[in-house]
Amino acid sequence: MPRFDLSPPSPEQRDALVADLTPDERRVLLQHGTEAPFCGVFLDNKREGTYCCRLCGLPLFRSSTKFDSGTGWPSFFAPYEAAHIELIRDTSHGMIRVEEVCARCGSHLGHVFPDGPPPTHERHCLNSVALSFVDEGEPLPDPLQRGGAEAGPA
C-alpha cells in the first residue's frame, strides 16, 4: 500500500484550507463540534469509494468498512490505515470518550467506541461534514499538492 505524507500542512497551507470551510465545517473540524444526528450527507451513502479528511484530504475510511450503526452518524469498523487517525482521551460533557482526529492536520472527526461489529468491534462514529468522499477509481484529493500516494486512485 502506498505511504501517505503525514507531515502537517504549513501555516500558509492550513490558512488556505480553512478559508474554504463552511461555518458548520469550521465548528466541527476546528472547534470539536458535532453535527446533528440523522442529517449528515454521508449517513446513507452506499457508493464504493474512500472517505477522506475534509480539510487536508488524507484517506481515512473505505466504504467497505462502513456499517449502519443506527446512531445517526456514518460509522466504520476500521480506518483506512491506523496511522491516519489519532486517538485522544476526551472528558468533555461529563463523559469519558475517545476522540478521533486526522493524524495529518488534527481536524476533529468524531469518536470511536468499543461496540462495533467484528472483526474489530470498533465503531468509528464520524461527522459527515468532517469528510469528503471519492468514488472508487477516481483520484484522491491532494489539496496540499504532495503528489505520490495522494495522486493515486481511491
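Right above here is the structure, for reference.
Note that the structure is a prediction, hence the values are computed from the model and not measured. (Residues numbered from 1 in each chain as written. Predicted model: local features only at pLDDT ≥ 70, side-chain atom pairs only at ≥ 80, totals over all residues. Heavy atoms only, no water.)

Novice: Would you mind going over the overall build of the chain with me for this structure?
Specialist: Of regular secondary structure, the chain possesses two helices and nine strands. From first element to last, N terminus to C terminus, the chain shows the α and β order α-α-β-β-β-β-β-β-β-β-β. The C-alpha atoms of the chain give 15 Å as radius of gyration, which agrees with the globular expectation for 154 residues (15 Å, within 12%). Referenced to the eigenvectors of the C-alpha coordinate spread, the extents of the chain come out at roughly 40 × 30 × 25 Å. Partitioning the contacts of the chain with sequence separation of at least 6, the portion at a separation of at least 24 is 56%. Accessible area for the chain stands at about 7700 Å²; split by element, carbon and sulfur atoms hold 55% of it. Taken as two groups, the 14 positive and 22 negative side-chain charges of the chain have centres that lie 3 Å from each other. (Helix = DSSP H or I, 4+ residues; strand = E, 2+ residues; numbered from the N terminus. Rg over C-alpha atoms; globule rule 2.2 N^0.38 Å. Contact = heavy atoms within 4.5 Å. Areas by Shrake-Rupley, 256 points an atom, 1.4 Å probe, with all protein chains shown as cover. Lys, Arg positive; Asp, Glu negative; His and termini not counted. Charge placed at Lys NZ, Arg CZ, Asp CG, Glu CD.)

Novice: Help me out: how do you make sense of the sheet that holds strand β6 (residues 97-102) in this one?
Specialist: Sheet strands pair via backbone hydrogen bonds, and the direction of the pair is either parallel or antiparallel. Across the sheet, six strands lie side by side as β3-β4-β8-β7-β6-β5; this open sheet has antiparallel pairing. At either end of the open sheet lies a strand with only one pairing partner, and these are β3 (66-67) and β5 (85-90). Pairing between β5 and β6: six bridges, direction antiparallel. Paired with I85 across the bridge in β6 is C102. (Pairing = 2+ DSSP bridges.)

Novice: Help me understand the side chain of H111 in this model?
Specialist: Mapped onto the elements of the fold, H111 is located in strand β7 (residues 108-113). Among the polar contacts made by the side chain of H111, one reaches the side chain of D90 at a distance of 2.7 Å. Contacts of H111, omitting those with residues within four sequence positions, involve D90, R97, V98, E99, E100, R123, H124 and C125. (Polar contact = N/O pair within 3.5 Å; in protein donor to acceptor, adjacent residues only side chain to side chain.)

Novice: Would you mind showing me how to read the packing of aromatic side chains here?
Specialist: Two numbers describe a pair of aromatic rings. These are the distance of the centres and the angle of the planes. Tallied over the full model, the rule gives six aromatic pairs. Among the aromatic residues, those joined into a cluster by ring pairs are F42, Y51, F61, F76 and F133. Between R62 and the ring centre of Y80, over which it is positioned, the NZ or CZ distance is 3.9 Å. (Phe/Tyr/Trp six-rings, centres within 6.5 Å; stacked < 30°, edge-to-face > 60°. Lys NZ or Arg CZ within 6 Å of the ring centre and 35° of its normal.)

Novice: Sorry, what's going on with the sheet that holds strand β1 (residues 49-53) here?
Specialist: Taken in spatial order, the three strands line up as β2-β1-β9 in an open sheet, and their pairing is antiparallel. Of all strands in the sheet, those with a lone pairing partner are β2 (59-62) and β9 (131-135), marking the two edges. Averaged over neighbouring strand pairs, the angle between their axes works out to 30 degrees when direction is ignored. As paired strands, β1 and β9 are joined by five bridges and run antiparallel to one another. In the sheet register, T50 faces β9, and the bridge partner there is V134. (Axes fitted to C-alpha atoms, helices over the stretch in contact; angles between N-to-C directions.)

Novice: Hey, could you run me through the nonpolar core in this one?
Specialist: Note that soluble globular proteins tend to have their nonpolar side chains buried in a common cluster. Counting 29 residues, the largest nonpolar core has Y51, C53, L55, C56, L60 and F61 as the members making the most contacts within it. When residues of this core are traced back to their parent elements, those giving at least two are α1 (11-19), α2 (23-29), β1, β2 and β9. Those residues within four positions of L55 in sequence are excluded, and the remaining contacts are R14, L17, V18, L21, L29, C105, S107 and P143. (Core = buried A, V, L, I, M, F, W, Y, C linked by side-chain atoms within 4.5 Å. Buried < 20%, exposed > 50% of the residue type's maximum accessible area, 1.4 Å probe, protein only.)

In short, shape yes, function no, at least from these values alone.
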